[in-house]
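Observations on the three-dimensional arrangement
Take a look at the letters that make up each chain.
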Amino acid sequence: MNILIADDHANVRRGLREILVDAFSDARFSEAANGDEVLTQLVKSQPDVLLLDINMPGRSGFEVLKNVKHIYPLLPVIMVSVQAESQYALRCLRAGATEYVNKNSASEELVPAIRKILDSSAMPALNSIG
């Protein structure tokens, strides 16, 4: 499994990776610090799941999500943010995100969110998408 972690803070990317590495020991990780890097890494690493921060430099996570869903409509995207779910979760899901995880509860919610995606029949084989 390939997981792309997109956040403009290196420490957050590292923290999210540390949360996931124990649960998904065979996973390969790639990273992006801004929207342009996300689009580059999508082609380069062909992730099975994208973790995407809402607040990204340049293009917002919402703009990047729109681009990603246009190019890879079946790619599961988990939006991550420090903003409360009540403020952004529904907006993210309506924009095409598969899940919304608050960074403050990522240690409890991120692994179950990815497992839910993996267990669903919607898990795409990206090699056949792009």
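Definitions and cut-offs
- Residues numbered from 1 in each chain as written.
- Predicted model: local features only at pLDDT ≥ 70, side-chain atom pairs only at ≥ 80, totals over all residues.
- Heavy atoms only, no water.
- pLDDT = per-residue confidence, 0-100.
- Contact = heavy atoms within 4.5 Å.
- Pairing = 2+ DSSP bridges.
- Helix = DSSP H or I, 4+ residues; strand = E, 2+ residues; numbered from the N terminus.
- Axes fitted to C-alpha atoms, helices over the stretch in contact; angles between N-to-C directions.
- Phe/Tyr/Trp six-rings, centres within 6.5 Å; stacked < 30°, edge-to-face > 60°.
- Buried < 20%, exposed > 50% of the residue type's maximum accessible area, 1.4 Å probe, protein only.

Attention now goes to the confidence of the model for the protein chain. Overall, the prediction assigns the protein chain a mean pLDDT of 89, with 92% of residues at 70 or greater. Segment residues 121–130: pLDDT under 50, and 22 contacts once partners within four positions in sequence are set aside and those in other chains are kept.

Take the sheet that holds strand E2 (residues 28–32) next. Strand order in this open sheet of five strands is E2-E1-E3-E4-E5, and the pairing throughout is parallel. Across the chains shown, the open sheet's two edge strands, defined by having one partner strand only, are E2 and strand E5 (99–102). In this sheet, adjacent strand axes meet at a mean angle of 20° when their direction is disregarded. The pairing of strand E4 (residues 77–81) with E5 spans four bridges and is classified as parallel. By the bridge assignment for E5, Ile78 is matched with Glu99. Strand contacts of helix H3 (residues 61–71): strand E3 (49–53) and E4, with the helix running at about 175° to E4, the strand carrying the most contacts. Those strands touched by helix H5 (residues 106–119) are strand E1 (2–6), E3, E4 and E5, and its axis lies near 165° from that of E5.

This brings us to the environment of Ala89. Looking at the element boundaries, Ala89 is found in helix H4 (residues 85–94). Expressed as a C-alpha distance, the spacing of Ala89 and Leu4, which sit 85 residues apart in the sequence, is 20 Å.

As enumerated under the stated definition, the model contains one aromatic pair in all. Taking 5.9 Å as the distance between ring centres and 35° as the angle between the ring planes, the aromatic pair formed by Phe62 and Tyr88 counts as tilted. With a gap of 26 residues between them, Phe62 in helix H3 and Tyr88 in helix H4 connect regions that are remote in the sequence. For Tyr88, a relative accessible area of 21% translates into the label partly exposed.

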